[in-house]
Amino acid sequence: MKNTISEGIGMQKASRSDKALNDLKADLHIHSKEDKADSIKYTAKELIDKAARLNFDVLSFTFHDCLFWSNDIERYAESKGILLMPGCEKIIENCEVLVYNISKEDFRSLKTFDDLRRLRGKKRNVLVIAPHPYFILSKTLGKNLERNIDVFDAVEKSWFYCRLIDRNKKAEEVAEKHSKAFIATSDCHYIENFGKSYATIHSQKDILSIVDAIRGRKVKSFSRHISFASFFFNSIRIVLHMLTKLTKSTKPTKKNK
Ligand SMILES: [Zn+2]
């Protein structure tokens, strides 16, 4: 799919703003079938259809270490009343970091937290969220979150917690300690999970206003703990999913066979 993301995309959107302040229903951490790092069954358009049925206003497709954008998807979302925010789940110093409103060139040169620091100094619309920072599996931030807290605007409230096991607690404490927004997302990999964990952002419906509202913590999170049975089932599903990804990434391609 042709990637037509441009340098100042977040700024361009600002001119299209609806003037009214609303509680915008948003999910800023989503994957779909077009994310080649994963084996996901639903397409971006199928996800947008579901989001429209659930009255979402703002979405961001945040693929694994890949900046996904197409005019076709943007127009499709727009036709359903949904604003797309360009984003990605970028690997920075071996940690997953949600970064929004960057260009392809920014994406390519972004390798360290210092790169991110410099980029934020240059571009006001660059938004950064810490995804599932204290989870055990995957490339989570852990201690790197507080070491680099100045480059983060918000901390994610993950959908994946139950009464007994809740890795969000520490994330919420850190968000509170550093006066950052604590924002719920779905980190959607399975379409049935979409819509159960999301946030509302009190903002005008344009990207720069949304970025400012998140920085100002004008965010409400809507997310409930899942049952222990569901937590257990999803733990197994996540481990299997990661093993599939690992097998996929170590499989020899035609070129290097
Ligand atoms: Zn993710």
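1. A closer look at the overall build of the protein chain
Turning to step 1, where the next piece is worked out: Secondary structure assignment for the protein chain yields nine helices and 10 strands.
Turning to step 2, where the next piece is worked out: Residues classed as buried in the protein chain amount to 40% of the 257 residues present.
Turning to step 3, where the next piece is worked out: The contacts in the protein chain between residues at least 6 apart in sequence include a share of 72% that link residues at least 24 apart.

2. Digging into the confidence of the model for the protein chain
Turning to step 1, where the next piece is worked out: When the pLDDT values of the protein chain are averaged, the result is 87; 88% of them are 70 or greater.
Turning to step 2, where the next piece is worked out: Residue range residues 1-18 is modelled with pLDDT below 50. Its contacts to residues more than four positions away, or to other chains, number 38 contacts.
Turning to step 3, where the next piece is worked out: In this model, residues 253-257 is a region of pLDDT below 50 whose contacts with residues beyond four sequence positions or in other chains number one contact.

3. Regarding the nonpolar core
Turning to step 1, where the next piece is worked out: In terms of nonpolar packing, the biggest core is built from 62 residues, with V58, I82, V128, I129, I183 and I214 touching the most fellow members.
Turning to step 2, where the next piece is worked out: Every residue in contact with I82, bar those within four places of it in the chain, is listed here: I48, A51, A52, F56, D57, V58, L59 and A77.

4. So, unusual backbone geometry
Peptide bonds are trans in most cases, and residues, glycine excluded, mostly fall at negative phi.
Turning to step 1, where the next piece is worked out: One non-glycine residue, N55, lies in the positive phi region at around 65°.
Turning to step 2, where the next piece is worked out: Tracing the backbone shows N55 in the loop between α2 (44-53) and β2 (58-64).
Turning to step 3, where the next piece is worked out: Despite not being glycine, H132 shows a phi value in the positive range, around 25°.
Turning to step 4, where the next piece is worked out: For H132, the position within the fold is in the loop between β6 (127-130) and α6 (143-147).

5. Structural notes on the pairing of β6
Turning to step 1, where the next piece is worked out: Across the two faces of β6 the burial is the same, with L127 and I129 and V128 and A130 all buried.
Turning to step 2, where the next piece is worked out: Relative to β6, strand β5 (residues 95-100) is paired through three bridges, and the arrangement is antiparallel. If you follow Y100 over to β6, its bridge partner there is L127.
Turning to step 3, where the next piece is worked out: In terms of strand pairing, β6 meets strand β7 (residues 154-157) through two bridges, oriented parallel.

6. As for the environment of N193
Turning to step 1, where the next piece is worked out: By the secondary structure assignment, N193 is in the loop between β8 (181-184) and β9 (198-203).
Turning to step 2, where the next piece is worked out: Classification of N193 by C-beta neighbours within 10 Å gives partly exposed; the count is 16.
Turning to step 3, where the next piece is worked out: Measuring from C-alpha to C-alpha, the distance between N193 and W159 comes to 8.8 Å, with 34 residues separating the pair along the chain.
Turning to step 4, where the next piece is worked out: Contacts of N193, omitting those with residues within four sequence positions, involve W159, S186 and C188.

Analysis parameters
Residues numbered from 1 in each chain as written. Predicted model: local features only at pLDDT ≥ 70, side-chain atom pairs only at ≥ 80, totals over all residues. Helix = DSSP H or I, 4+ residues; strand = E, 2+ residues; numbered from the N terminus. Buried ≥ 20, exposed ≤ 12 C-beta atoms within 10 Å, placed from the backbone. Contact = placed C-beta atoms within 7 Å. pLDDT = per-residue confidence, 0-100. Core = buried A, V, L, I, M, F, W, Y, C linked by C-beta atoms within 7 Å. Pairing = 2+ DSSP bridges.

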